[in-house]
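Residue-level structural notes
Each chain is listed here by its residues.
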Amino acid sequence: MGSLDTALAVDGVVPRVERRDLPSPRVQAPLIQGDKTFAEVTREVCAPMDRRPGLAWWGAFLVAAAALAVGVAAETYQLFTGIGTWGLNNTVGWAFDITNFVFWIGIGHAGTLISAILFLLRQRWRTSVNRAAEAMTLFAVMCAGVFPLIHMGRPWLGYWIFPYPNFRGSLWINFRSPLAWDAFAISTYFIISATFWFIGLMPDLATVRDRLPEGARKKLFTILSFGWDGSFRTWHRYELVYLLLAGLATPLVISVHTIVSWDFATSVIPGWHATIFPPYFVAGAIFSGMAMVLTLMILARMLMHLEDYITPRHVDVMCKLVILTSGIVGLAYLTEFFTAAYSGNPYEQFVFLNRAMGPFGWAYWTMVCCNVVVPQVLWFRKVRRSLGAVFVVSLLVNVGMWFERFVIIVTSLHRDFLPSSWGGYSPTIIEVATLVGSFGLFFTLFLVFCRVLPVIAMAEVKGVIAHERHHAAAHRHAAYEEQR
Amino acid sequence: MSARQVVGLFSRDEDVVAATAAARRAGLSVVDVFTPYPVHGLDKAMGLPPSRLAWVCLIAGLSGAVLKLWFELWTAMVDWPLNVGGKPHNSLPAFVPITFEVMVLFAGLATVGAFLAVSGLRPGRKPHAPHPRVTDDSFALVVRDEGGAMTGDRIRALFVEHHALDVQERIDPGEPRR
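Quick caveat: nothing in here was measured; it's all calculated off a predicted structure.

The next point concerns the overall build of chain B. What chain B contains, in helices and strands, is five helices and four strands. Helices (α) and strands (β) of chain B occur, in sequence order from the N terminus, as β-α-β-α-α-α-β-α-β. Rg of the C-alpha trace for chain B: 25 Å, well past the compact-globule value of 16 Å for 178 residues, more than 25% over. Expressed as lengths along the three principal axes of its C-alpha atoms, the size of chain B is roughly 80 × 35 × 30 Å. Expressed as a percentage of its 178 residues, the buried residues of chain B come to 50%.

Written out as structure tokens, the structure is:
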């Protein structure tokens, strides 16, 4: 208490605590439980990296690696045989692969929401989950990238999507095409997310480096940590760089899914050609991503024993974001129907009636149930506090959001303007295996990440602990002054 | 002539902030402070000027946008004019998405590159921390004892007054102060 008084007395150094900054009488539970010291944070977060993985990790890893192997086998087969191995036809020319692509890109968005948007909004609860959420973004973007690449049919020519000087005359890509926009948006998103993640990791890599004994691992971490030594001159610049990257990533994440929605909205297909698509896709992406963060965090909390860091309060806040985005997505579904009904355009009206009552009605109602009906249970505090219930809801939301993309793509295509060209669609086993493989890739990478890098942003968590301690001390100080 | 450095080790951020401010008031030159997380108020206590990296971000972002827009216009209007669905060659609105993405890419990478360059961070660089625990749970204040303002003993007393756990004197290793 004495030293805090001294610190507060140094004019202009520590801003004086004003009454509105004080915690409200209904003091919330601390963000990090167990009254940790900084050394405990380091020890506990680094513990999974030091010990051998347990049976649960090995079990999960083997399942994920097996799924990845299935995917690799399916992709190798279709590489050699061609994309005729898919269930596409003249009417439905885009289906499973683009569904998976949009699904995975969406999953990635919650990572950037947590790391960048919530950072700008000064939400301190993000620190326990941002590292894993950013890793999730990177892995999800990798999974997403696989699908357009194999969709090209000749993935070894994938670089043709970028402009480069070539020997075929003055031949350039068409910058007016949303597919070229996609290539730029996704590669920029991946590069900036990876940079943001690495910059965030740097102080923690140094912490790991300084506690390792001499050896190959220490050498590796010495290279990776770039010589970080906690110098405040570096911290001072680091904080600005982090803020700038967050500021850049925020419009970037919105632009990426907006551009993905333009892949559809710039066409003239009824059901796709809608001005609501950009905000609808961005909200849906954050909705599905938040559900995936919840799935992963509940698993990581259990497998890595991080109960004190990922607390019920974190789950509670994320659940509230799920309810919010579920509401936005539900409103978008209604708006689409209203716009179709109000448009007076029979093709537009038919597409929406066909979505709900046609041959893919089951997919539409699965989507509505999982995305709009099920998340409503999160209004109840009791459900938000039950990790098992939240886990089930998060899984159902992921199923629902996958079906949302499927419904948008397949139901809009399978019955177009001419009844003579109407068709159906069902995925082949190769397409299903590719989807399974993408989940395998995602979970394999995530499980490896959990073992080799600190899952919790240690430096940021220490900052949060110090902040909470200062607030509590300032509160006591103010109460003491008042009594006097 | 090698000057001497005095290193004080602290366990709480408020102590290191107060000690830094006191050291500067006493006329000492603060070489650096080492902390496990960014401590708020320490930049003011150390008297650090605001970083200019935001300018790098702005200039790089604008350059990226201008370069990309020029490239799109040059390819579509000059080098390979092609009639795509009757759209004009300079279809500016269609060029906005990629211009925006390239702007963000240039701004982000240039800012990070400039940050690494001015902070001297690079793969495999040897860390200069005075104590291994500054990346874990301790705070270290390093001041230069030039023999003018204060002697080593008085600096030690000042540090102890601010609850320093340990105070050490060492020869200035002459590291570049970035």
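With that settled, consider the overall build of chain A. In terms of regular secondary structure, chain A is built from 16 helices and zero strands. Its C-alpha atoms give chain A a radius of gyration of 25 Å, within 12% of the compact-globule value 23 Å for 484 residues. Projected onto the principal axes, the alpha-carbon positions of chain A cover approximately 85 × 55 × 50 Å. Considering chain A as a whole, with its 484 residues, one finds that 56% of them fall into the buried category. Here the contacts in chain A between residues at least 6 apart in sequence split such that 81% fall between residues at least 24 apart. When the accessible surface of chain A is summed, it comes to about 20,300 Å², and 68% of that surface belongs to carbon and sulfur atoms.

Residues and elements named next belong to chain B. Most of strand 2 (residues 29–34) sits inside the fold, with five of its six residues counted as buried. With five bridges joining them, strand 2 and strand 3 (residues 139–145) adopt antiparallel strand pairing. Directly across from S29, in strand 3, lies its bridge partner R144.

The next thing to look at is a nonpolar patch on the surface. All names here are of chain B. A cluster of nonpolar residues, W55, L58, I59 and L62, forms a patch on the protein surface that exposes about 450 Å² of accessible area. Its location among the elements puts W55 in helix 3 (residues 53–79). Under the relative-accessibility criterion, W55 is labelled exposed at 56%.

For the rest of this paragraph, the subject is the confidence of the model for chain B. For residues with low pLDDT, the predicted coordinates do not support detailed interpretation. When pLDDT is averaged across chain B, the result is 84; 91% of the residues are at 70 or more. Quick note on the complex model: pTM equals 0.87, ipTM equals 0.90.

Formed by 188 residues in total, the largest nonpolar core has its most connected members in A:W104, A:F442, A:F449 and B:F159. Examining the composition of this core, we find that 17 residues originate from one element, helix 8 (residues 232–265) of chain A, more than from any other. Sequence-distant contacts of A:W104, defined by excluding residues within four places in its chain, comprise A:A140, A:C143, A:A144, A:F147, A:M292, A:S438, A:F439 and A:F442. With seven residues, the next largest nonpolar core counts B:V7, B:L9, B:V31 and B:A140 among its residues.

The next point concerns the interface of chain B and chain A. Residue-level contacts link 81 residues of chain B with 63 residues of chain A. Here chain B meets chain A over a buried area of about 6,200 Å², counting both sides, of which 69% is carbon and sulfur. Here chain B is connected to chain A by one salt bridge. Between A:D229 and B:R125 there is a salt bridge, with its nearest N and O atoms 3.9 Å apart. Summed over the shared surface of chain B and chain A, the result is 23 residue pairs in polar contact (both at pLDDT 80 or more).

Per-chain confidence: chain A averages 85 in pLDDT, with 94% of residues scoring 70 or above. Note that residues 1–27 of chain A has pLDDT below 50 and, in this model, 38 contacts with residues that lie over four places away or in other chains.

Once that is clear, we can look at the sheet that holds strand 1 (residues 4–10) of chain B. Residues and elements named next belong to chain B. Taken in spatial order, the four strands line up as 2-3-1-4 in an open sheet, and their pairing is antiparallel. Strands with a single pairing partner mark the edges of an open sheet, and in this sheet they are strand 2 and strand 4 (166–171). Each strand of the sheet is rotated relative to its neighbour by a mean of 20 degrees, with strand direction disregarded.

All names here are of chain A. One way to put it is that helix 6 (residues 178–211) packs onto helix 7 (residues 216–224) with a least axis distance of 9 Å and a crossing angle of 145 degrees. Two packed elements cross with a definite hand, and for helix 6 against helix 7 that hand is left-handed. For the pair helix 6 and helix 7, the contacting residues are F198, L205, V208, R209 and D210 in the first and K218, F221, T222 and L224 in the second. Residues of the contact of helix 6 with helix 7, tallied by class, amount to five nonpolar, one polar and three charged.

The subject of this paragraph is the pattern of salt bridges. Under the defined criterion, the tally for this structure stands at 11 salt bridges over all chains. Among the ionic pairs, A:D316 bridges to A:K320, the shortest N-O distance being 3.2 Å. Taken as a pair, A:D316 and A:K320 lie in helix 10 (residues 312–343) at a separation of four residues, close to a single helical turn. One salt bridge connects B:R133 with B:D137, and the closest N-O pair in it is separated by 3.0 Å. Judged by its relative accessible area of 12%, B:D137 falls in the buried class. The network of salt bridges with shared partners includes A:D316, A:K320 and A:R384.

Residues and elements named next belong to chain A. Looking at the element boundaries, A56 is found in helix 3 (residues 55–81). The class of A56 is partly exposed, set by a relative accessible area of 48%. The spatial distance from the C-alpha of A56 to the C-alpha of M304 is 9.8 Å, given a sequence separation of 248 residues.

Attention shifts here to helix 4 (residues 96–120) of chain A. Residue and element names in this part refer to chain A. A rise of 1.5 Å per residue sets the reference length of helix 4, with its 25 residues, at 36 Å; its end C-alpha atoms lie 36 Å apart and thus fit the reference within 8%. Taking the largest bend as the criterion, helix 4 deviates by roughly 40 degrees, centred on L113. Judged by how many residues are buried, helix 4 sits mostly within the fold: 24 of 25 residues are covered. R122 sits one or two residues past helix 4 and shows a positive phi near 55 degrees.

About the thresholds
Residues numbered from 1 in each chain as written. Chains lettered and ligands numbered in written order. Predicted model: local features only at pLDDT ≥ 70, side-chain atom pairs only at ≥ 80, totals over all residues. Heavy atoms only, no water. Helix = DSSP H or I, 4+ residues; strand = E, 2+ residues; numbered from the N terminus. Rg over C-alpha atoms; globule rule 2.2 N^0.38 Å. Buried < 20%, exposed > 50% of the residue type's maximum accessible area, 1.4 Å probe, protein only. Contact = heavy atoms within 4.5 Å. Areas by Shrake-Rupley, 256 points an atom, 1.4 Å probe, with all protein chains shown as cover. Pairing = 2+ DSSP bridges. Patch = residues over 30% accessible without salt bridge, like charges linked within 9 Å, V, L, I, M, F, W, Y side chains within 5 Å. Salt bridge = Lys/Arg side-chain N within 4 Å of Asp/Glu carboxyl O. pLDDT = per-residue confidence, 0-100. Core = buried A, V, L, I, M, F, W, Y, C linked by side-chain atoms within 4.5 Å. Buried area = accessible area lost by both parts, 1.4 Å probe. Polar contact = N/O pair within 3.5 Å; in protein donor to acceptor, adjacent residues only side chain to side chain. Axes fitted to C-alpha atoms, helices over the stretch in contact; angles between N-to-C directions. Left-handed = near helix turned anticlockwise from the far one by under 90°. Nonpolar A, V, L, I, M, F, W, Y, C, P; charged D, E, K, R; others polar. Expected span 1.5 Å × (residues − 1). Bend = angle between axes of the 7 residues up to and from the residue.

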